[in-house]
Amino acid sequence: MPGRPRLHGSAWEVETGHFSERFGLFIIIALGESIVVTGATTSEIGLTGQTALAFGTAFLTTAALWWLYFTVVARIAERRLESATINRTTLARDAYTYLHVVLVAGVVVSAVGDELVIAHPREALASSAEVAAVVGGPALYLFAHALFRLRLSGRVGWRRPLAALACVAIGLIFADAAALTVAILVLGVLIATIGADQAVAARRPQIER
């Protein structure tokens, strides 16, 4: 504020457990709203075999987004923040206040893509914007995970950036395919990323999990 001294991170003390839990709740709310949107779209259209498959794919995609954050990222991020001895408040601001906006944006765009797929599962996506919504939401979410890790640990890792690129590649290669086909392929990328996470976790000592 004008006329007041600039405050630095040392002016606040972050209680890491409470802080990270609150931002986890933001992610849960965004994921829950995406399920509400897809459910409402399905009820308006009416349940057919293709619509049910599209809804199931959308639900599993949302579940995969939840799994990717809460089974690995959230726990490790909280430990990283708790162990930080320098600039913890600034680290918390960047990783949670700023980068969680990108995470939630990925969930929101993914929900828009799910709605488009449920509305017209057998048809090709009508425009590049629709293709971008279907593949771009999960890609943005995964990319935000990489940035989140980079800010907290100084490392990016390879699984999530590679998965984000795979989602983009699906949008480029299968732009003329049926919307449901594109959505299933993106879901396959998310499931493969979860499998890679579990394989890496299984090789770590129990104390590091």
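In what follows, the structure referred to is the one given above.
Parameters and conventions
Residues numbered from 1 in each chain as written. Predicted model: local features only at pLDDT ≥ 70, side-chain atom pairs only at ≥ 80, totals over all residues. Heavy atoms only, no water. Helix = DSSP H or I, 4+ residues; strand = E, 2+ residues; numbered from the N terminus. Contact = heavy atoms within 4.5 Å. Areas by Shrake-Rupley, 256 points an atom, 1.4 Å probe, with all protein chains shown as cover. 1 Å grid on protein atoms, 1.4 Å probe; cavity = no way out; pocket = protein on both sides within 12 Å on 5 of 7 lines; lining within 4 Å. Points joined across faces, edges and corners; volume = space filled by probe spheres on them. Nonpolar A, V, L, I, M, F, W, Y, C, P; charged D, E, K, R; others polar. Salt bridge = Lys/Arg side-chain N within 4 Å of Asp/Glu carboxyl O. Patch = residues over 30% accessible without salt bridge, like charges linked within 9 Å, V, L, I, M, F, W, Y side chains within 5 Å. Buried < 20%, exposed > 50% of the residue type's maximum accessible area, 1.4 Å probe, protein only. Core = buried A, V, L, I, M, F, W, Y, C linked by side-chain atoms within 4.5 Å. Polar contact = N/O pair within 3.5 Å; in protein donor to acceptor, adjacent residues only side chain to side chain.

> Is there a simple way to think about the overall build of the chain in this case?
Scanning the chain from terminus to terminus reveals 6 helices and 0 strands. In sequence order, the secondary structure elements of the chain are arranged as α-α-α-α-α-α. In the chain, of all internal contacts separated by at least 6 residues, the share reaching a separation of at least 24 is 79%. Of the roughly 11,200 Å² of accessible surface on the chain, 65% is carried by carbon and sulfur atoms.

> Quick question: what am I supposed to make of the layout of surface pockets here?
In this approach, a probe sized like a water molecule rolls over the atoms, and the result shows the empty space that is left. In this structure, the largest pocket spans a volume of roughly 450 Å³. Looking at the largest pocket, it is lined by 21 residues, and the ones nearest its centre are Val72, Ile76, Arg80, Arg149 and Arg204. Those elements that place two or more of their residues in the lining of the largest pocket are α2 (49–83), α4 (128–153) and α5 (159–173). In terms of residue count, α2 provides more of the lining of the largest pocket than any other element does, 7 residues in total. Along the lines of polarity and charge, the residues of the lining of the largest pocket split into 9 nonpolar, 4 polar and 8 charged.

> Help me understand the pattern of salt bridges in this model?
Think of it this way: side chains of opposite charge can pair up when their charged atoms draw near. In this structure the tally under the stated criterion is 5 salt bridges. Notably, a salt bridge pairs Arg151 with Asp94, separated by 2.8 Å at the nearest N-O pair. With Arg151 in helix α4 and Asp94 in helix α3 (residues 88–119), this residue pair connects regions lying 57 residues apart in the sequence. The closest approach of N and O atoms between Arg160 and Asp197, which form a salt bridge, is 2.7 Å. Of this pair, Arg160 sits in helix α5 while Asp197 sits in helix α6 (residues 179–203); the two residues are 37 residues apart in sequence, bridging distant segments of the chain.

> Please explain a nonpolar patch on the surface as it appears in this structure.
On the surface, Val168, Leu172, Ile173, Phe174 and Leu185 cluster together into a nonpolar patch covering about 470 Å² of accessible area. The element that contributes the greatest number of residues to the nonpolar patch is α5, accounting for 3 residues. Structurally, the position occupied by Leu185 is in helix α6. Of the residues examined, Leu185 reaches a relative accessible area of 31% and is grouped as partly exposed.

> Explanation requested: empty space enclosed by the protein in the structure shown.
Within the structure shown, the criterion is met by 1 cavity of 30 Å³ or more. The space that makes up the largest cavity amounts to roughly 50 Å³. Contributing to the lining of the largest cavity are Thr61, Ser110, Asp114, Val134, Pro138, Ala183 and Val186. Elements supplying a minimum of two residues to the lining of the largest cavity: α3, α4 and α6. Across the lining of the largest cavity, the residue classes tally to 4 nonpolar, 2 polar and 1 charged.

> How should the nonpolar core be read in this particular structure?
Side chains of nonpolar character tend, in soluble globular proteins, to be buried together. Counting 48 residues, the largest nonpolar core has Ile27, Tyr69, Tyr96, Val117, Tyr141, Leu142 and Phe148 as the members making the most contacts within it. Those elements that place two or more of their residues in this core are α1 (16–45), α2, α3, α4, α5 and α6. The dominant element in this core, judged by the number of residues it contributes, is α2, at 11 residues. Those residues in contact with Tyr69 that sit more than four places away from it in its chain are Gly24, Ile27, Ala74, Tyr96, His100, Leu103, Tyr141 and His145.

> Where do I start with the side chain of Thr51 in this structure?
By the element assignment, Thr51 lies in helix α2. Among the polar contacts made by the side chain of Thr51, one reaches the side chain of Thr48 at a distance of 2.9 Å. Excluding anything up to four places from it in sequence, Thr51 contacts Thr42, Ile45, Gly46, Ile118 and Pro121.

> Looking at this structure, how should I read the side chain of Thr38?
Residue position: Thr38 is located in helix α1. When residues no more than four places from it in sequence are discounted, the contact partners of Thr38 are Phe55, Ala58, Asp114 and Ile118.

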